[in-house]
Amino acid sequence: MTRLPIQIKLSDSKKEKPNPENLIFGRTFTDHMFVADYDEGKGWHSHRIIPYTPVSLDPASIVFHYGQTVFEGMKAYRSAEDGTVRLFRPEENMKRMNHSLDRLCMPRIDEETALHALTQLIHIEKDWIPTLEGTSLYIRPFVIANEAFLGVAPAKKYQFFIILSPVGSYYKEGIHPVKILVENEFVRAVKGGTGGAKTAGNYAAGLKAQEVADQRGYSQVLWLDGVERKYVEEVGSMNIFFKIDGEVITPAINGSILEGITRKSILQLLRHWEIPVSERKISMDEIRSAYDEGKLEEVFGTGTAAVISPVGELNWDGYKMVVNNCETGPLATRLFDTLSNIQNGKVEDPFNWVVEMKSELAKLA
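Residues numbered from 1 in each chain as written. Predicted model: local features only at pLDDT ≥ 70, side-chain atom pairs only at ≥ 80, totals over all residues. Heavy atoms only, no water.

**Focus on the pairing of strand β3 (residues 43–51)**
Counting buried residues in β3 gives seven out of nine residues, a clear majority hidden from the surface. Between strand β2 (residues 32–39) and β3, which pair antiparallel and follow one another directly, the connecting turn spans three residues, one of which, Gly-41, has a positive phi of 90 degrees. (Buried < 20%, exposed > 50% of the residue type's maximum accessible area, 1.4 Å probe, protein only. Helix = DSSP H or I, 4+ residues; strand = E, 2+ residues; numbered from the N terminus. Pairing = 2+ DSSP bridges.)

**Structural notes on a nonpolar patch on the surface**
Nonpolar side chains collect at one region of the surface, where Tyr-66, Leu-150 and Val-152 lie side by side and expose about 350 Å² of accessible area between them. In this structure, Val-152 sits in the loop between β7 (136–145) and β8 (157–167). Judged by its relative accessible area of 76%, Val-152 is exposed. (Patch = residues over 30% accessible without salt bridge, like charges linked within 9 Å, V, L, I, M, F, W, Y side chains within 5 Å. Areas by Shrake-Rupley, 256 points an atom, 1.4 Å probe, with all protein chains shown as cover. Salt bridge = Lys/Arg side-chain N within 4 Å of Asp/Glu carboxyl O.)

**What about the packing of helix α2 (residues 90–103) against helix α3 (residues 111–124)?**
Relative to each other, α2 and α3 sit at 130 degrees, their axes nearing to 10 Å. Taken together, the axes of α2 and α3 are oblique relative to one another. In this structure, the crossing between α2 and α3 has a hand that is right-handed. Packed against α2, whose contacting residues are Pro-90, Glu-91, Met-94, Lys-95 and Asn-98, the element α3 presents Glu-111, Ala-114, Leu-115 and Leu-118 at the interface. In terms of residue class, the contact of α2 with α3 is made up of five nonpolar, one polar and three charged. (Axes fitted to C-alpha atoms, helices over the stretch in contact; angles between N-to-C directions. Parallel < 35°, antiparallel > 145°, perpendicular 65-115°, else oblique. Left-handed = near helix turned anticlockwise from the far one by under 90°. Contact = heavy atoms within 4.5 Å. Nonpolar A, V, L, I, M, F, W, Y, C, P; charged D, E, K, R; others polar.)

**Looking at helix α7 (residues 284–292)**
Of all the positions in α7, only Met-284, Ile-287 and Ala-290 are classed as buried. Buried residues in α7, looked at end-on, bunch into an arc of 125 degrees, giving them a common side. Phi turns positive one or two residues past the end of α7, at Gly-294, with a value near 75 degrees. (Arc of directions from axis to C-beta.)

**A look at the pattern of salt bridges**
Under the defined criterion, the tally for this structure stands at 17 salt bridges. Across the pair Arg-48 and Asp-37 runs a salt bridge, and its minimum N-O distance is 3.0 Å. Taken together, the positions of Arg-48 in strand β3 and Asp-37 in strand β2 put the pair 11 residues apart, joining distant regions of the chain. The pair Arg-48 / Asp-37 is uniform in exposure class, with both members buried. One connected set of salt bridges, linked through shared partners, spans Arg-89, Glu-92 and Lys-264.

**Focus: the packing of aromatic side chains**
Following the criterion strictly, the structure yields 12 aromatic pairs and no others. On the numbers, 5.5 Å between centres and 10 degrees between planes, the contact of Phe-29 with Tyr-52 is stacked. You can see Phe-29 sitting in the loop between β1 (7–8) and β2 and its partner Tyr-52 sitting in the loop between β3 and α1 (62–66), a full 23 residues away along the chain. What makes Tyr-52 partly exposed here is its relative accessible area of 29%. Here a set of aromatic residues connected by ring pairs shows up, and it is made of Phe-34, Tyr-38, Trp-44, Tyr-158 and Phe-160. A cation over an aromatic ring shows up here: Lys-179 above the ring of Tyr-218, its NZ or CZ 4.8 Å from the ring centre. Directly above the aromatic system of Trp-273 lies the positively charged group of Arg-334, at a separation of 3.6 Å from the ring centroid. (Phe/Tyr/Trp six-rings, centres within 6.5 Å; stacked < 30°, edge-to-face > 60°. Lys NZ or Arg CZ within 6 Å of the ring centre and 35° of its normal.)

In structure tokens, the structure reads:
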């Protein structure tokens, strides 16, 4: 496929870069962004990198009324030693983005073109990538329907953006255990719905439960299935894992659970280490029984933003389960250290997950 050209317009006024020791997740954005337009019958066109700027939309744009929008989350890492910039499995994010676009009746992106645009944008903004331990450049690709039409139908016009944000740790707790509230009233998604797509409505639907959790001193919400309200699905912005009597268990992808890139990587690591692992239904009753029998060894969430987030407490309808004395477990620590070191190029990458920008730029030039 012939790659479409990318027009580049650099900013005349550069922003002051934030102190890398005080980065707040998702609050600061770089000098430039990528934009492409879509028109039915013409396809994706006008690929460009321009100065970061507000977006002008008609009040009748379909994204405001019927929620046609999808997004992704990924990171770039820069070595403090030699300045090498690394991406972690970016092709998997673009594949998942197309899965989400299909579900929302939105036009697919060309994955090779999108990765080329991302590489060029990061090359321009490489000085924005912090190098302190635990920091990175968060990457947010997203597509919105911008046709002005108050009719319930797929739009005929869209825009694709990529914006960048230097970030520190997603949770103020860092790698320290967080407290999780099991949600019994609200539902995030059901099989056949949009839970398997990364779309804004899934997150908006979870805000009320998260607000309640915040008020009660909990960092995240653990969602149960939307039918029987007994089987574990995922945690707010993460997939979830339980280590029970030596075996690691995570809910199987079932149409309502987002298939996380970090989740997929953790499963590969566990199998590589020959640690027993299964993807299946797991109920809160089973988790409570394991806890009461002293077999619930570790619980942790996985996701791009936090990588690994150990769980120190589960509150299920008032029954509090304190996991591993509210301390980070050895498996969560090993997984976090290994995955983080692979992402930062500090250890060998036996899976070829990491894309180094130097070689990628040479290939794509």
